[in-house]
Amino acid sequence: QNDIAKQGEMAPVISVVATFHNIDAALVRHCIDSLIHQHFDYPYELILVDDCSTDDTPAVLREYVSEKNVRLIELQENVGPGGARNIGIESAKAELVTIVDGDDFVSPYYLALLFAAKSSTGAELVAANSMVIPFDKIFEKRNWSRDSDVLIMDRAQYLEALCYEKVDEAPSRKLAQRGLYLRHPFPAKASYEDVAIASEQALACSKFAFVKAEIYGYVMRPGSVVHKSAAPFRQAQDFAYAIEAFLRPIEESHLVDEHALAFRRCLELSRLHSLLRVVSDCPEKTAELDQRAIQKIRESLPVVVNDKSVSRGYILRFWLLSRAPSVYDKAFSLYEAIKKGVAR
């Protein structure tokens, strides 16, 4: 790997690790520009990790190495998002790390609000709210909130929030000690590594803070891992493994009740079903895995139906998938096209 470094005068308070692999140049620049133009009163470093891109992504990233707080790591072997994050974190100089995906972007107050929440609460893990950005609205002007309102949670509350997706499991839009990620690294060369490791990382912490303001822009990009129009069966296997790797530690902790676990299981299995629809190989294994997923949804549905915190929309969604998958597929494809601006 080739590490191109620019030293700053003061030690950084936060290391931002941003990973890239074959991303449109406009999105790459939009991401990095949002990270460079931060309203943050402390020094920070930006570590750009190129995961062996085969397009012009490396050339675009090199445009930024003249910035005094930017370092570029160019990997010679593709290690996947998890492996790229691990390498960036290992090279980080700050004790605090935040992770950003290279096709997303952040608020100008992203670092300031995360750091303020960490400083004022003493939380070991700070998470932030995000907004979903349809692909055709990426470059629209936004009025980002400066609201510093924070919700403090203990471990049980945070795990429940994860299950109900009140907090996203993604490693982006979070701030934590570098040591947390070194002790609990992301799975390399695997899809859905963020889902697989999320509960393990959470269980290693005891105090959490959630920044209520939307300070992270999550871009719904066609062709991304979760929105491919065609996928190999290996990707579906990775997802099935990640779902259990996420849920099992929470279940074994006995900190979250069966309702929250049943809801999250149904939600993830419905996403697995949508992925299996576009798997391009291993038809028999694909059908078998899909049948198991739908059966598990049927088994979990009675618990979800009795959960007063789950909306009727979700209950209808899971019921429809468990009883009429083909009807569900048409309805959900329409929803994704309208709501998110992407379709498989």
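Residues numbered from 1 in each chain as written. Predicted model: local features only at pLDDT ≥ 70, side-chain atom pairs only at ≥ 80, totals over all residues. Heavy atoms only, no water.

1. A short note on the pairing of strand 4 (residues 70-74)
- The buried fraction of strand 4 amounts to five of the five residues, a majority that puts the element mostly inside the structure.
- Burial along strand 4 is two-sided: Val70, Leu72 and Glu74 facing one way and Arg71 and Ile73 facing the other are all buried.
- Relative to strand 4, strand 3 (residues 44-50) runs parallel, the two sharing five bridges. The residue bridging Asp50 from the neighbouring strand is Glu74, located in strand 4.
- Handedness of the crossover joining strand 3 and strand 4 through helix 2 (residues 57-62): right-handed. (Buried < 20%, exposed > 50% of the residue type's maximum accessible area, 1.4 Å probe, protein only. Helix = DSSP H or I, 4+ residues; strand = E, 2+ residues; numbered from the N terminus. Pairing = 2+ DSSP bridges. Right-handed = clockwise from strand over helix to strand, strands pointing away.)

2. Side note on the pattern of salt bridges
- According to the stated counting rule, one finds 18 salt bridges in the structure shown.
- Between Glu193 and Arg85 there is a salt bridge whose closest N-O contact spans 2.6 Å. Here Arg85 lies in helix 3 (residues 80-90) and Glu193 lies in helix 7 (residues 193-203), a separation of 108 residues in the sequence. The burial state of Glu193 is the same as that of Arg85; both residues are buried.
- Measuring nitrogen to oxygen at the nearest pair gives 3.6 Å for the salt bridge that ties Asp329 to Arg277. Of this pair, Asp329 sits in helix 12 (residues 325-340) while Arg277 sits in the loop between helix 9 (258-276) and helix 10 (283-305), and the two are 52 residues apart along the sequence. (Salt bridge = Lys/Arg side-chain N within 4 Å of Asp/Glu carboxyl O.)

3. Quick look at unusual backbone geometry
- The phi angle at Arg173 is positive, at roughly 60°, despite the residue not being glycine.
- Structurally, the position occupied by Arg173 is in the loop between helix 5 (155-163) and strand 9 (174-177).
- For Arg173, a relative accessible area of 3% puts it in the buried group.
- Although it is not a glycine, His254 adopts a positive phi angle of roughly 60°.
- Summarising the element assignment, His254 is placed in the loop between helix 8 (233-253) and helix 9.

4. Looking at helix 5
- Tyr158, Leu159, Ala161, Leu162 and Cys163 are the residues of helix 5 that are buried.
- A side-chain oxygen of the first residue of helix 5 lies 3.2 Å from the backbone nitrogen of Ala156; this N-cap is Asp154.
- Backbone geometry just downstream of helix 5 places Glu165 in the positive-phi region, at approximately 60°. (Polar contact = N/O pair within 3.5 Å; in protein donor to acceptor, adjacent residues only side chain to side chain.)

5. Focus on the packing of helix 9 against helix 11 (residues 312-323)
- The contact between helix 9 and helix 11 brings their axes to 11 Å, and the two run at 55°. With respect to helix 11, the axis of helix 9 lies oblique. Every pair of crossing elements has a handedness; the one defined by helix 9 and helix 11 is left-handed. Together, Phe263, Cys266, Leu267, Ser270, Arg271 and His273 of helix 9 and Tyr314, Arg317, Phe318 and Leu321 of helix 11 make up the contact between the two elements.
- Among the residues making up the contact of helix 9 with helix 11, the classes are represented as six nonpolar, two polar and two charged. (Axes fitted to C-alpha atoms, helices over the stretch in contact; angles between N-to-C directions. Parallel < 35°, antiparallel > 145°, perpendicular 65-115°, else oblique. Left-handed = near helix turned anticlockwise from the far one by under 90°. Contact = heavy atoms within 4.5 Å. Nonpolar A, V, L, I, M, F, W, Y, C, P; charged D, E, K, R; others polar.)

6. A few points about the environment of Asp168
- If you trace the backbone, Asp168 turns up in the loop between helix 5 and strand 9.
- A sequence separation of 39 residues divides Asp168 from Asn129, and the C-alpha atoms of the two residues are 8.2 Å apart.
- The residues touching Asp168, leaving out its near neighbours within four places in the chain, are Leu162, Arg173 and Lys174.
- Of the polar contacts made by the side chain of Asp168, one reaches the backbone nitrogen of Ala170; its length is 2.7 Å.

7. Brief notes about the state of the cysteines
- A full pass over the atoms with the stated rule returns zero disulfides.
- Take Cys163: it sits in no disulfide, and the sulfur closest to it among the cysteines is that of Cys266, at 12 Å.
- A relative accessible area of 0% places Cys163 in the buried class. (Disulfide = S-S within 2.5 Å.)

8. Examining the pairing of strand 7 (residues 125-134)
- Of all 10 residues in strand 7, eight are buried; the element is thus mostly enclosed.
- Bridging between strand 7 and strand 9 involves three bridges; their strand directions are antiparallel. Along strand 9, the bridge assignment pairs Leu125 with Ala176.
- For strand 7 and strand 10 (residues 207-220), the ladder comprises 10 bridges, and the chain directions are parallel. For Ala128, the partnering residue across the bridge sits in strand 10 and is Val211.

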